[in-house]
Amino acid sequence: MTHAFPVYLLLGGAALIYLLFYPFGKRMAKDQLQSIGLTNHAGMVPELLRKKRDKAHPRVTIWEFRNQSIPLAEWEDNRAAIEAALDISIIKMTYGKGKSRVLVYAVPAQIDLPEILCWKDKYLSPESFVLVLGESLLGPVTVNLAHIPHILLGGSTGSGKSVLLKLLLMQAMKKGARVYIADFKGGVDFPPLWNRDCRICFEETDLLGLLTDLVAELERRKEIFRTAGCSSIDTYNKSTGESLQRLIFACDEVAEVLDKTGADAERKKLLAQIENRLSTIARQGRAFGIHLILATQRPDASIIPGQIRNNMDFRVCGRADSVLSSIILDNTDAADLIPKDARGRFLLHDGTIFQAYWFEESDL
Ligand SMILES: Nc1ncnc2c1ncn2[C@@H]1O[C@H](COP(=O)(O)OP(=O)(O)OP(=O)(O)O)[C@@H](O)[C@H]1O
Ligand SMILES: [Mg+2]
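Residues numbered from 1 in each chain as written. Chains lettered and ligands numbered in written order. Predicted model: local features only at pLDDT ≥ 70, side-chain atom pairs only at ≥ 80, totals over all residues. Heavy atoms only, no water.

### A few points about the pattern of salt bridges
What the rule picks out here adds up to 18 salt bridges. Note that Glu47 and Arg66 form a salt bridge whose closest N and O atoms lie 3.3 Å from each other. Of this pair, Glu47 sits in strand β1 (residues 47–53) while Arg66 sits in strand β2 (residues 61–66), and the two are 19 residues apart along the sequence. Residue classification places Glu47 among the partly exposed residues on the basis of a relative accessible area of 32%. With its nearest N and O atoms 3.0 Å apart, the salt bridge here joins Glu217 to Arg220. Here Glu217 and its partner Arg220 are both found in helix α6 (residues 204–228), 3 residues apart, which amounts to about one turn of the helix. Owing to a relative accessible area of 18%, Glu217 belongs among the buried residues under this scheme. Owing to a relative accessible area of 40%, Arg220 belongs among the partly exposed residues under this scheme. A single network of salt bridges, built from pairs that share partners, joins Arg50, Glu64 and Arg101. (Salt bridge = Lys/Arg side-chain N within 4 Å of Asp/Glu carboxyl O. Helix = DSSP H or I, 4+ residues; strand = E, 2+ residues; numbered from the N terminus. Buried < 20%, exposed > 50% of the residue type's maximum accessible area, 1.4 Å probe, protein only.)

Written as structure tokens, this is what we have:
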């Protein structure tokens with residue numbers, strides 16, 4: 001009995017704290033949401049049912065609301081106001097229990113992504129063929145080229161595209177891929193060091209030659225995979241014991257090689273051929289381990305043809321205006337959610353915001 005006393009005391013204390021504070025939290029949430037006008041037609045405010053830790057991401061709290069029939073889209077429209085009202089940074093919002101609950105995944109507003117995150121070699125993923133881009137509040141942001149073969153990267157000037165592009169290429173090389181780069185910006189972004197390990201081309205005829213070779217390699221692989229009865233580069237390498245390299249073609253400003261305005265007939269023909277080769281790789285490259293990483297800063301929807309764009313499923317956009325954001329992500333979120341002075345801050349097609357790793361040439 002005497003031993004049980006402290007336990008009773010502890011439980012009693014905990015219950016008291018719960019009674020004192022939790023209803024207050026609920027009431028506070030209700031008042032705050034009322035004050036920003038998040039109500040249904042009858043004037044009812046969402047009710048906070050519980051807050052719990054997200055087991056998969058210990059920093060994240062899940063706020064579970066009875067949504068009083070207020071659709072998720074309306075919550076999304078009020079995202080910034082909800083963040084201010086509840087003093088949180090929202091990571092995502094989803095329905096729960098059918099559509100009667102809304103789950104708000106959030107961290108305290110004081111927790112934010114750092115402005116600089118330095119790359120370390122230990123971040124290199126051991127998995128084939130996973131590349132790491134940076135970190136969101138949920139943890140590392142990665143892309144597996146074996147599943148999503150091509151990357152479209154957008155952002156206005158100074159947003160951090162070239163740094164991110166080079167971060168990805170550096171990892172791809174460390175993982176044994178062969179990298180090809182089209183650089184029409186005069187080599188400033190790719191100092192001579194890059195020439196050592198990748199093939200860089202600086203002008204259009206050379207580029208057409210390079211892409212023609214890549215398409216020929218694609219056709220060759222198609223043939224040998226068919227003969228070996230394999231459907232992908234990984235299964236081919238595994239069953240034959242060969243080690244075919246993944247091939248990655250990167251272009252830092254793809255609008256330069258796709259924009260035909262002002263070109264004479266001869267150049268137009270050349271550019272059309274370049275576009276045709278890129279399109280073939282975009283459509284068929286996945287199984288054969290041939291990938292595209294294309295970056296652009298131009299807010300012009302007509303520049304990237306549908307055939308190419310529709311096959312670039314991994315979309316990333318840095319600081320951008322609403323037109324560029326719409327071209328890359330099909331929504332204006334990059335313009336709305338990424339601060340104007342942010343560098344290396346990107347938004348993923350699935351709504352994840354992340355800080356890309358900062359990487360310097362010396363890391364090569
Ligand atoms: N991940 C990052 N973390 C912090 N700062 C970064 C990051 N990436 C880029 N920056 C900063 O932003 C500057 C511009 O980056 P970068 O050259 O990659 O931009 P960009 O989008 O390629 O611009 P442009 O379109 O003009 O080529 C860099 O010099 C650096 O100071
Ligand atoms: Mg650049």
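Back to the write-up after that little detour.
### Let's talk about helix α9 (residues 265–288)
A rise of 1.5 Å per residue sets the reference length of α9, with its 24 residues, at 34 Å; its end C-alpha atoms lie 34 Å apart and thus fit the reference within 8%. Of all the bends in α9, the largest measures some 45 degrees and sits at Ala282. Among the residues trailing α9, Gly289 stands out with phi positive, at a value near 70 degrees. (Expected span 1.5 Å × (residues − 1). Bend = angle between axes of the 7 residues up to and from the residue.)

### Side note on the domain arrangement of the protein
Accessible area lost on assembly of the parts is the figure often given for the size of an interface. By the assigned domains, the protein splits into domain 1 (4–108) and domain 2 (117–363). On a C-alpha basis, the centroid separation for the pair domain 1 and domain 2 is 40 Å. (Domains from an automatic or database assignment.)

### Here we look at the sheet that holds β2
Backbone-to-backbone hydrogen bonds join strands into a sheet, with any given pair of strands oriented parallel or antiparallel. Here 4 strands make up an open sheet; going across it, the order is β1-β2-β4-β3 and the pairing antiparallel. Of all strands in the sheet, those bounded by a partner on one side alone are β1 and β3 (88–96). On average, each strand axis in the sheet is inclined to that of its neighbour by 25 degrees, with strand direction left out of account. Across 6 bridges, the pairing between β1 and β2 is antiparallel. (Pairing = 2+ DSSP bridges. Axes fitted to C-alpha atoms, helices over the stretch in contact; angles between N-to-C directions.)

### Section: a nonpolar patch on the surface
Together, Val7, Tyr8 and Leu11 make up an exposed nonpolar region whose accessible area comes to about 330 Å². The exposure class of Leu11 is exposed, given its relative accessible area of 55%. (Patch = residues over 30% accessible without salt bridge, like charges linked within 9 Å, V, L, I, M, F, W, Y side chains within 5 Å. Areas by Shrake-Rupley, 256 points an atom, 1.4 Å probe, with all protein chains shown as cover.)

### A look at the pairing of strand β12 (residues 314–317)
Burial of the side chains of β12 extends over both faces: Phe314 and Val316 are buried on one face and Arg315 and Cys317 on the other. For strand β7 (residues 151–154) and β12, the ladder comprises 4 bridges, and the chain directions are parallel. Along β12, the bridge assignment pairs Leu152 with Arg315.

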